[in-house]
Amino acid sequence: MKLTIAFISLIALILGFLYFFNGYKSAFEADQQCHYEMRLKSLELDGLACDHDLETNQWLLYQNGINGQPAQVVERYRY
């Protein structure tokens with residue numbers, strides 16, 4: 001039982017490190033990556049734009065909705 005709890009704790013710790021240290025170092029880096037990929041993907045998709053979400057500390061690459069449809073998030077750049 002103790003071994004199982006220790007193993008689950010170790011997995012949770014590793015996943016936590018991967019989540020928190022797998023983003024961009026600053027909003028500037030995330031912004032640059034979002035706009036770079038927007039230019040690359042604009043050949044495939046129409047109506048792409050980037051926006052900064054202050055609540056979640058990420059830049060969003062999204063495709064504008066057509067005929068009143070909501071926008072679709074294509075990529076997230078967490079920092």
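Everything here concerns the structure above.
Residues numbered from 1 in each chain as written. Predicted model: local features only at pLDDT ≥ 70, side-chain atom pairs only at ≥ 80, totals over all residues. Heavy atoms only, no water.

Peer 1: What should I look at first to understand the nonpolar core in this one?
Peer 2: One broad rule of soluble globular proteins: the nonpolar side chains tend to lie buried together. Core analysis: the largest hydrophobic core is formed by 8 residues, namely Ala30, Cys34, Met38, Leu48, Cys50, Trp59, Leu61 and Tyr77. Sorting the residues of this core by element identifies α2 (27-41), β1 (48-53) and β2 (58-63) as the ones contributing at least two each. Per-element tally for this core: the top contributor is α2, with 3 residues. In this structure Cys34 touches Cys50, Trp59, Leu60, Leu61 and Tyr77, once residues within four positions along its chain are discounted. (Core = buried A, V, L, I, M, F, W, Y, C linked by side-chain atoms within 4.5 Å. Buried < 20%, exposed > 50% of the residue type's maximum accessible area, 1.4 Å probe, protein only. Helix = DSSP H or I, 4+ residues; strand = E, 2+ residues; numbered from the N terminus. Contact = heavy atoms within 4.5 Å.)

Peer 1: Even after reading the chapter, I still don't get the packing of aromatic side chains, so can you show me in this structure?
Peer 2: The geometry of two aromatic rings is summed up by the distance between their centres and the angle between their planes. Evaluated as defined, the whole model comprises 1 aromatic pair. Judged by centre distance (6.3 Å) and plane angle (50 degrees), the rings of Tyr24 and Tyr77 are tilted. With Tyr24 in the loop between α1 (2-20) and α2 and Tyr77 in strand β3 (residues 72-78), this pair connects stretches of sequence that are 53 residues apart. Take Tyr24: its relative accessible area is 31%, and that puts it in the partly exposed class. (Phe/Tyr/Trp six-rings, centres within 6.5 Å; stacked < 30°, edge-to-face > 60°.)

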